2 protein chains.
Amino acid sequence: MITVSIIGAGNVATHLFKAFSKTKTVSVKQWYSRDLNKISSFKNKVEIVADLNGLAEADIYIIAVSDDAISSVSEALPFKDRLVVHTSGSVGIYDLDKKNRRAVFYPLQTFSKEAKVDFKQVPICIETIGKKDYPQLKSLAVALGSPHYRVNSDQRKALHLAAVFVNNFTNQLYRVAHEITESEGVEFDILKPLILETAQKVQTMSPYMAQTGPAKRNDKNTIKRHLKQLKNEQHKAIYNLLTNTIKKTHGR
Amino acid sequence: MITVSIIGAGNVATHLFKAFSKTKTVSVKQWYSRDLNKISSFKNKVEIVADLNGLAEADIYIIAVSDDAISSVSEALPFKDRLVVHTSGSVGIYDLDKKNRRAVFYPLQTFSKEAKVDFKQVPICIETIGKKDYPQLKSLAVALGSPHYRVNSDQRKALHLAAVFVNNFTNQLYRVAHEITESEGVEFDILKPLILETAQKVQTMSPYMAQTGPAKRNDKNTIKRHLKQLKNEQHKAIYNLLTNTIKKTHGR
């Protein structure tokens, strides 16, 4: 049995707590939040604490707080030589206080407060200093049923950056599409199957191979017509830039 | 029973033929291609013809050829006053020769030659001149099990344009993410669950509500760090433009 204590009360902390609670090989020893109200609804399931000095011994301490607070929370821990991880994609591993053994346990997914999380669909990127602490963190990912990958700092940061493109930026393209359909009083719903299929296609095919459309074909008439149709200057700028990027990728 | 004849041998024509063949209420009378070799493998299942003059009477003629050829093919049809539709998102309904009753039957999806198509996931946008021909085209969509929507020309063109954003441009963002991960030797696979979840989220939530990330939060430090990380000028331009668009959308 691996014992973990969770520090923080946000989405990641909450989803990790729920997921660990369902495993047979990981036991959550304590859950810390400086504001106990945030986790008080779990007090029958786990010991909750509001003082870092109340943290008992555990195999792994998981700091799942906002990026800005990771460093100071790790400094405030009242023990040393234990395994302490953060869950951020962008914060350095060396930002954790060196009095403890440091590592990163980064779940690469988008978490909503309400939505259920299936950890089988949450890849865990594990970064450690040296090899020693890797096996235990790997066991933690295995217990969750998550795909897991060993990464270094540069790789984790590249993933975090790439995630902004496939998540935030892609979602903004959906938003632009919503604005375009709305302006003609037509339902955005009609686009939803295409949105899903586009995401599904690259599960088995590279984005390069999956590309289609006027930019890839360099269909000048359609591109011209689309640009004329677009009234919003920002939409037009996105159309131009991404069309040119596709042309470049496909040697047009 | 509705009888249809299909004109063209591309992806849309082929997927429509296969889908109609499975229905109990639609019968494909003939399939035309100027190059019979392209459809000869279906000759035991349907009458194939290479001469438009060989087209017999049918309730609906579906022109599923490249956008540029729609107009001339419709002109070359050797009959009049019958129902003739094209399947394009961007070609005008009036580009069809007026000697026949004109309409559009536009399946809004991305079709690959190999991949199976589930028409339940293919919304059909139906445009007619006047109301008379709508019920029969609606029956055609119903026979396929497809969601169907009645649209006008402007709405269909808005959908076609919006589809470029959610399909081609989104796919190019996946491609950029692939380039970013590849440059650090880390697997693109790690991003695939996030890609799917991002698409799934907007099935039940508006893109506006689904947005998260540094641009929405106006997290200047992370944005600065990401821009420093990006070496490719085009990637940087995309990052800047979409970050600014997100900020504008969310009033930052």
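Model, not experiment: these values are computed from the prediction. (Residues numbered from 1 in each chain as written. Chains lettered and ligands numbered in written order. Predicted model: local features only at pLDDT ≥ 70, side-chain atom pairs only at ≥ 80, totals over all residues. Heavy atoms only, no water.)

Considering the interface of chain B and chain A
- Taken together, the contact pairs 85 residues of chain B with 85 residues of chain A.
- Together, the buried faces of chain B and chain A total about 8,200 Å²; carbon and sulfur atoms form 68% of this surface.
- When the buried surface of chain B facing chain A is broken down by residue, Phe165, Val166 and Ile190 of chain B rank first, second and third, together holding 8% of it.
- Applying the counting rule to chain B against chain A returns zero salt bridges.
- Here chain B is connected to chain A by 24 residue pairs in polar contact (both at pLDDT 80 or more). (Contact = heavy atoms within 4.5 Å. Buried area = accessible area lost by both parts, 1.4 Å probe. Salt bridge = Lys/Arg side-chain N within 4 Å of Asp/Glu carboxyl O. Polar contact = N/O pair within 3.5 Å; in protein donor to acceptor, adjacent residues only side chain to side chain.)

Here we look at the relation of the copies chain B and chain A
- Of the transformation placing chain B onto chain A, the axial shift is 0.0 Å and the rotation is 180°, giving an RMSD of 0.0 Å. Here the symmetry operator amounts to a two-fold rotation axis. Taking the C-alpha atom as reference, chain B places Thr170 of chain B closest to the rotation axis, 2.8 Å from it.
- Both copies present the same face, since 100% of the interface residues in chain B are matched by interface residues at the equivalent positions in chain A. (Least-squares fit on C-alpha atoms with pLDDT ≥ 70 in both.)

Let's talk about the pairing of strand β6 (residues 101-107) of chain B
Residue and element names in this part refer to chain B.
- For β6, a buried count of six out of seven residues is recorded, marking the element as mostly surrounded by other parts of the structure.
- Where strand β5 (residues 83-86) and β6 come together, four bridges link them in parallel fashion. Residue pairing across strands places Val85 opposite Ala103, the latter belonging to β6. (Buried < 20%, exposed > 50% of the residue type's maximum accessible area, 1.4 Å probe, protein only. Helix = DSSP H or I, 4+ residues; strand = E, 2+ residues; numbered from the N terminus. Pairing = 2+ DSSP bridges.)

Focus on the UniProt feature "domain: Pyrroline-5-carboxylate reductase catalytic N-terminal" (unreviewed entry) in chain A
- Here, UniProt's "domain: Pyrroline-5-carboxylate reductase catalytic N-terminal" (unreviewed entry) annotation points to residues 4-87 of chain A.
- Helix makes up 21% of residues 4-87 of chain A and strand 26%, with an end-to-end C-alpha separation of 14 Å. (UniProt positions renumbered as here; feature names shortened; annotations may be inferred.)

Focus: the domain arrangement of chain A
All names here are of chain A.
- Segmenting chain A into domains produces domain 1 (2-151) and domain 2 (156-249).
- If you average the C-alpha positions of domain 1 and of domain 2, the two centres end up 36 Å apart.
- Listed as interface residues are 14 residues of domain 1 and, on the opposing side, six residues of domain 2.
- At the junction of domain 1 with domain 2, the criterion picks out one salt bridge.
- For the salt bridge of Arg156 with Glu127, the shortest nitrogen-to-oxygen distance reads 2.6 Å.
- One can count four residue pairs in polar contact (both at pLDDT 80 or more) joining domain 1 with domain 2.
- Sorting the residues of the side of domain 1 that touches domain 2 by element identifies β6 (101-107) and β7 (124-128) as the ones contributing at least two each.
- By residue class, the composition of the side of domain 1 that touches domain 2 is seven nonpolar, six polar and one charged. (Domains from an automatic or database assignment. Nonpolar A, V, L, I, M, F, W, Y, C, P; charged D, E, K, R; others polar.)

A word on the packing of aromatic side chains
- Per the counting criterion, the structure on display carries 16 aromatic pairs over all chains.
- Arranged with centres 5.2 Å apart and planes meeting at 75°, the rings of Phe169 of chain A and Tyr239 of chain B form a pair that is edge-to-face. Placement of the pair is Phe169 of chain A in helix α4 (residues 153-183) and Tyr239 of chain B in helix α9 (residues 233-249), with the two residues belonging to separate chains.
- The ring of Tyr134 of chain A has Arg150 of chain A lying over it, and the distance from NZ or CZ to the ring centre is 4.7 Å. (Phe/Tyr/Trp six-rings, centres within 6.5 Å; stacked < 30°, edge-to-face > 60°. Lys NZ or Arg CZ within 6 Å of the ring centre and 35° of its normal.)

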